[in-house]
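Coordinate analysis (summary)
Residues per chain, in single letters:
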Amino acid sequence: MNSLNILLFSFLISALTVPLFTDMAVRLGIIDIPDERKIHSGHTPRLGGLGIITGVFLSVLIFCKTDVHYLYLALANMIIIGIGVYDDSRGASALQKLFFQALAATVVVFVMDVRFEFYIPWLTWLNNDILIILVTYFWIALVTNAVNLIDGVDGLAGGISFMAFGSLMVASYAEGGMNFAVSLAFLGGILGFLRYNLPKASVFMGDTGSLFLGFNIAVLSLSSSFKTNTVMSVVMPTLFILIPLFDTFLAIVRRLLRLQNPMRADREHLHHKLLDLNLSMGQTLMVFYSLSIVLSGLALIFFRDRKLYMVLLAVVILYVFLLMIKFLNFANLGRLIGDINSRIMQERSRECLARMKADKTGFALSTGVIVLSTLLSALVFFRSGSYPQLGLTAVLLFFMTASVLLAYRVSSVSELFYSSLAAYWLFFAAAYYAGKEGLAVLAVCGLCVSIVMLPRFFRLSRVFVPFDLLNFFMVLSIWVLSGKGVYDYIITVAVSLLLYIPFKSAFVYVISHREPENVKEIV
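The structure contained in this document is the topic of the report that follows. (Residues numbered from 1 in each chain as written. Predicted model: local features only at pLDDT ≥ 70, side-chain atom pairs only at ≥ 80, totals over all residues. Heavy atoms only, no water.)

Structural notes on the overall build of the chain
Across its full length, the chain carries 22 helices and two strands. Look at the contacts in the chain between residues 6 or more apart in sequence, and 79% of them connect residues 24 or more apart. Only carbon and sulfur atoms are counted for the fraction: they give 67% of the accessible area of the chain, which is about 23100 Å². (Helix = DSSP H or I, 4+ residues; strand = E, 2+ residues; numbered from the N terminus. Contact = heavy atoms within 4.5 Å. Areas by Shrake-Rupley, 256 points an atom, 1.4 Å probe, with all protein chains shown as cover.)

A closer look at the nonpolar core
Trp139, Phe162, Phe165, Leu213, Phe215 and Ile241 are the most contacted members of the largest nonpolar core, which has 144 residues in total. The element contributing the most residues to this core is helix 7 (residues 178-197), with 13 residues. Among residues more than four places away in sequence, those in contact with Phe165 are Ser183, Phe186, Leu187, Ile190, Leu213, Asn216, Ile217 and Leu220. (Core = buried A, V, L, I, M, F, W, Y, C linked by side-chain atoms within 4.5 Å. Buried < 20%, exposed > 50% of the residue type's maximum accessible area, 1.4 Å probe, protein only.)

Here we look at unusual backbone geometry
Despite not being glycine, Leu47 has its phi angle at roughly 70 degrees, a positive value. Structurally, Leu47 can be placed in the loop between strand 2 (44-45) and helix 2 (49-63). One non-glycine residue, Asn278, lies in the positive phi region at around 70 degrees. Checked against the element boundaries, Asn278 lands in the loop between helix 11 (270-276) and helix 12 (281-304). Of the residues examined, Asn278 reaches a relative accessible area of 36% and is grouped as partly exposed.

A word on helix 8 (residues 206-220)
Along its 15 residues, helix 8 runs 21 Å from first to last C-alpha, staying within 8% of the 21 Å computed at 1.5 Å per residue. Most of helix 8 sits out of view: 15 of its 15 residues are buried. (Expected span 1.5 Å × (residues − 1).)

Examining the pattern of salt bridges
Going through the model one piece at a time under the given rule, you end up with six salt bridges. For Arg46, the salt bridge goes to Asp32, with nearest N and O atoms at 3.2 Å. Of this pair, Arg46 sits in the loop between strand 2 and helix 2 while Asp32 sits in strand 1 (residues 31-32), and the two are 14 residues apart along the sequence. On the accessibility criterion, Arg46 (16% relative accessible area) is buried. (Salt bridge = Lys/Arg side-chain N within 4 Å of Asp/Glu carboxyl O.)

Focus on the packing of aromatic side chains
Within this structure, the stated rule accounts for 18 aromatic pairs. Ring centres of Phe99 and Phe100 lie 5.3 Å apart, and the angle between their planes is 85 degrees; on these two criteria the pair is classed as edge-to-face. On the basis of relative accessible area, Phe99 is assigned to the exposed category, the value being 52%. A residue is classified by how much of its surface remains accessible, and Phe100, at 31% relative accessible area, is partly exposed. Aromatic rings pair up to connect Phe381, Tyr424, Trp425, Phe428, Tyr432, Tyr433, Trp479, Tyr489 and Tyr500 into one cluster. A cation over an aromatic ring shows up here: Arg115 above the ring of Phe110, its NZ or CZ 5.9 Å from the ring centre. (Phe/Tyr/Trp six-rings, centres within 6.5 Å; stacked < 30°, edge-to-face > 60°. Lys NZ or Arg CZ within 6 Å of the ring centre and 35° of its normal.)

Let's talk about the side chain of Asn197
Here Asn197 lies in helix 7. Asn197 has contacts with Asp154, Gly155, Val203 and Phe204, leaving out every residue within four places of it along the chain.

Overview of the packing of helix 1 (residues 3-28) against helix 2
Taken N-terminus to C-terminus, the directions of helix 1 and helix 2 make an angle of 145 degrees; their axes are 7 Å apart at the nearest point. Where helix 1 crosses over helix 2, the two elements pack in a sense that is right-handed. Each of Asn5, Ile6, Phe9, Ser10, Ile13, Ser14, Thr17, Val18, Phe21 and Met24 in helix 1 lies in contact with helix 2, whose residues at this interface are Leu50, Gly51, Ile52, Thr54, Gly55, Val56, Leu58, Ser59, Ile62 and Phe63. Residues that form the contact of helix 1 with helix 2 fall into these classes: twelve nonpolar, eight polar and no charged. (Axes fitted to C-alpha atoms, helices over the stretch in contact; angles between N-to-C directions. Left-handed = near helix turned anticlockwise from the far one by under 90°. Nonpolar A, V, L, I, M, F, W, Y, C, P; charged D, E, K, R; others polar.)

Digging into the environment of Tyr432
Inspection of the secondary structure assignment puts Tyr432 in helix 19 (residues 421-433). When residues no more than four places from it in sequence are discounted, the contact partners of Tyr432 are Ser482, Lys484, Tyr489 and Thr492.

So, the state of the cysteines
What the rule picks out here adds up to zero disulfides. Among the cysteines around Cys445, which has no disulfide bond, Cys448 carries the closest sulfur, lying 6.8 Å off. By relative accessible area, Cys448 is classed as partly exposed at 46%. (Disulfide = S-S within 2.5 Å.)

Here's the deal with the packing of helix 6 (residues 156-171) against helix 21 (residues 466-482)
Interhelical geometry of helix 6 versus helix 21 gives an angle of 5 degrees and a closest axis separation of 10 Å. Considering their axes alone, helix 6 and helix 21 lie roughly parallel with respect to each other. Together, Gly159, Phe162, Met163, Gly166, Ser167, Met169 and Val170 of helix 6 and Leu470, Phe473, Met474, Ser477, Val480 and Leu481 of helix 21 make up the contact between the two elements. Class assignment of the residues belonging to the contact of helix 6 with helix 21 gives a composition of nine nonpolar, four polar and no charged. (Parallel < 35°, antiparallel > 145°, perpendicular 65-115°, else oblique.)

A closer look at the environment of Ala434
With respect to the helices, strands and loops of the structure, Ala434 is situated in the loop between helix 19 and helix 20 (436-457). As a C-alpha pair, Ala434 and Phe382 span 52 residues in sequence and 9.1 Å in three-dimensional space. Setting aside its immediate chain neighbours within four residues, Ala434 contacts Val380, Ser384 and Leu439.

Looking at the environment of Pro262
Of note, Pro262 is situated in the loop between helix 10 (242-257) and helix 11. Accessibility expressed as a relative area gives 27% for Pro262, which makes it partly exposed. For the pair Pro262 and Thr248, spaced 14 residues apart in sequence, the C-alpha to C-alpha distance is 9.8 Å. Setting aside chain neighbours within four positions, we find Pro262 in contact with Ile252, Arg255 and Leu256.

Okay, here's the thing in structure tokens:
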């Protein structure tokens, strides 16, 4: 089982099938129509989550030896997918969704025999099978619906789920079993979908996707890695998905205090609060992604060294985050943020774009930077002789991935930076596997192209976007799994960034001459 094959294949299938399901949703009229509660303005197709599902199922089926345990998990997922598709197409009530979630949970609890295992010595009356089963049912329903509820901003549910599965992948790495492989498949599937879902989204995952992701986070977090026979077996999975759980907890408490139905939808979730401060969708994502990275890091530290203060620190961070939102709203700083995001940035954008279009030398240099950094990194990677470790299939899948990423017309900010995603991992792979000489060559090249692009880099206002935080999360995860020393790994990352940042700047310059309207938000 080559883990890179699973990740890349799931990514490719997801990236290629999401447009097919988008077209199908349009033909069938499965469209999300804006209303007073929703924040998008246009009619957007649903069913994008089917692309994630297809990538996950096919990659696991082709590259993994599945046992009966995971066939039962597939059966439970079919129930979740069925109610999700029904909800997206015709609409399902909260009770209908809860019923089918309970049905799927029954397969997990009684057929797969997956459940919490905890023992509380000072409360012996709680240590019985009935309570454990009820807690497991509650956990699966809670996490499934928490991910569904947080799916209110383009890329939010997908990005937070990506980090949850990444944390689960790292936690299950020592076992090296199916949980690790399935988590990798989810990472690839979500990444392929996010190409179409980051602001401004061309498709939504719908309840089909969000229920599927939430359900599998809940089930995989109940893996044997967490069965400590103590109350900590409940605490550890909670840390991996803390933001959606916190948001759901606040929503339920808020509605109960107002004597409202706790299942009733409203526009007072955490992401709505940030948007009410006039933050853009991209800025809101950056806040949530940054917070999720910090909490995922605490969860992994707690997983390795079970200290209670890590849990308390995570709760304090969320509480401070909530207080900051309250303070910003109370201080009425939304108008100032709105002015910065609209009037000031738009004026700067027009001026910078005009200078970039007139800079013919910058266009020529940018083209040279893209060609030089890409070819040199590929040469160093193949000369290192390390690619046999990855396997021919993985190398071929990587270059197919690069082709998919770079071969389409860039029509939004997210897609523009998504296009450079493959380039970063080419730079990273070259730096990771290169010997001392190869690393020195890459460092010199990176330094040269950085100097060339430095004056043009400062003309861009949005060089770092949500996808870079997902990249950062994956870099941290790879470090935990690789066992490399801190010093060596920092050098590897620094060299890859020396190539990547000027590459992105150069990419913006090239696009600004061909499709200037698509980069005006960046400059």
